[in-house]
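Residue-level structure breakdown
Take a look at the letters that make up each chain.
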Amino acid sequence: MSNSTAITVERVIDHSAAEIFEFLSNPENHARLDGSGFVRGDYKSDRIQQVGDVFSMDMEGEHMGGEYRMDNHVTGFGKDKILAWQPAPAGTDPKGWEWVWELEAQGPDSTLVRHTYDWSKVTDKDVLKKVSFPLVSEQQMGDSLSNLASAVSG
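Conventions we followed
Residues numbered from 1 in each chain as written. Predicted model: local features only at pLDDT ≥ 70, side-chain atom pairs only at ≥ 80, totals over all residues. Heavy atoms only, no water. Helix = DSSP H or I, 4+ residues; strand = E, 2+ residues; numbered from the N terminus. Rg over C-alpha atoms; globule rule 2.2 N^0.38 Å. Buried < 20%, exposed > 50% of the residue type's maximum accessible area, 1.4 Å probe, protein only. Contact = heavy atoms within 4.5 Å. Areas by Shrake-Rupley, 256 points an atom, 1.4 Å probe, with all protein chains shown as cover. Lys, Arg positive; Asp, Glu negative; His and termini not counted. Charge placed at Lys NZ, Arg CZ, Asp CG, Glu CD. Pairing = 2+ DSSP bridges. Salt bridge = Lys/Arg side-chain N within 4 Å of Asp/Glu carboxyl O. Phe/Tyr/Trp six-rings, centres within 6.5 Å; stacked < 30°, edge-to-face > 60°. Axes fitted to C-alpha atoms, helices over the stretch in contact; angles between N-to-C directions. Parallel < 35°, antiparallel > 145°, perpendicular 65-115°, else oblique. Arc of directions from axis to C-beta.

Before going further, it helps to examine the overall build of the protein. For the protein, the helix and strand inventory stands at four helices and seven strands. Rg of the C-alpha trace for the protein: 15 Å, near the compact-globule value of 15 Å for 154 residues, within the 12% margin. Residues counted as buried form 49% of the 154 residues belonging to the protein. Once local pairs closer than 6 in sequence are excluded, the contacts in the protein between residues at least 24 apart make up 47%. Carbon and sulfur atoms provide 46% of the accessible area of the protein, an area that totals close to 7900 Å². Of the charged side chains in the protein, 14 are positive and 25 negative, and the gap between their average positions amounts to 4 Å.

Next comes the structure, spelled out in structure tokens:
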């Protein structure tokens, strides 16, 4: 499902919300679930524990001229319920786009996982000229959910 400034995908994964949250809150796992192909690995990041945490990822993409690093500023945290962050090129402030993972338990071993990419708060005209939103497609986000399901199982 998408609108002009956000894309949301969802699916039920046959694991508990606690297991999925445990996986998502560890930045070391993010390259394994990324469906876009941009994430290469985490950069000395600790487990996400609260709003205000910052974790860094090594990335690669033509839109940034090759390799780069992003600092991810945690904007949402609710154990076994939600993780959200706003990325920014390393050493800068977030520019307004946000990644959100929402978990809704469907029973003890089943969770509805909703993944949203929202760029509605991007107002910087230079960013809007440089970045052609969305950089990640609905298909790639769906791939991230599939990767998550496989990784949590494996």
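Here the focus is the pairing of strand β7 (residues 110-118). Of all nine residues making up β7, nine are buried, and the element is well covered by its neighbours. Side chains S110, L112, R114, T116 and D118 project from β7 onto one buried face, and the interleaved T111, V113, H115 and Y117 project onto a second face that is buried too. With eight bridges joining them, strand β1 (residues 6-13) and β7 adopt antiparallel strand pairing. Opposite I7, over in β7, you have Y117 as the bridge partner.

Now for the pattern of salt bridges. Enumeration over the complete set of coordinates arrives at eight salt bridges. Note that E22 is salt-bridged to R47, the shortest N-O span being 3.3 Å. Pair noted here: E22 is in helix α1 (residues 17-24) and R47 is in the loop between β2 (39-42) and β3 (54-61), with a separation of 25 residues, a long-range link. When its relative accessible area of 42% is taken as the criterion, E22 is described as partly exposed. For the salt bridge of E60 with R40, the shortest nitrogen-to-oxygen distance reads 3.1 Å.

The description of two aromatic rings rests on the distance between their centres and on the angle between their planes. On inspection of all chains with the given rule, the structure shows six aromatic pairs. Ring plane angle 75° and centroid distance 5.4 Å describe the contact between F21 and F77, whose orientation is recorded as edge-to-face. Placement of F21 in helix α1 and of F77 in strand β4 (residues 66-78) is noted, with a sequence separation of 56 residues between them. Looking at F77, the relative accessible area reads 28%, which means it is partly exposed. An angle of 80° between the planes, with centres 5.1 Å apart, marks the rings of F55 and W85 as edge-to-face. Of the two residues, F55 sits in strand β3 while W85 sits in strand β5 (residues 82-89), which places them 30 residues apart along the sequence.

Turning next to the packing of α1 against helix α4 (residues 138-153). α4 packs onto α1 with a crossing angle of 105° between their chain directions and a minimal axis gap of 10 Å. Here α1 is positioned roughly perpendicular relative to α4, judged by the angle of their axes. Across from E19, I20, F23 and L24 in α1, the residues of α4 making contact are L148, A151 and V152.

Next up on the list: α1. Owing to its 3.6 residues per turn, the α-helix brings residues three or four apart onto one side. Along α1, the residues that are buried comprise A17, I20, F21, F23 and L24. On an axial view of α1, the arc spanned by its buried residues comes to 160°, and they lie on one face.

Before going further, it helps to spend a moment on unusual backbone geometry. Of the consecutive residues F133 and P134, the connecting peptide bond is found in the cis state with omega at -5°. The phi dihedral of D80 is positive, around 65°, even though this residue is not glycine. Residue position: D80 is located in the loop between β4 and β5.

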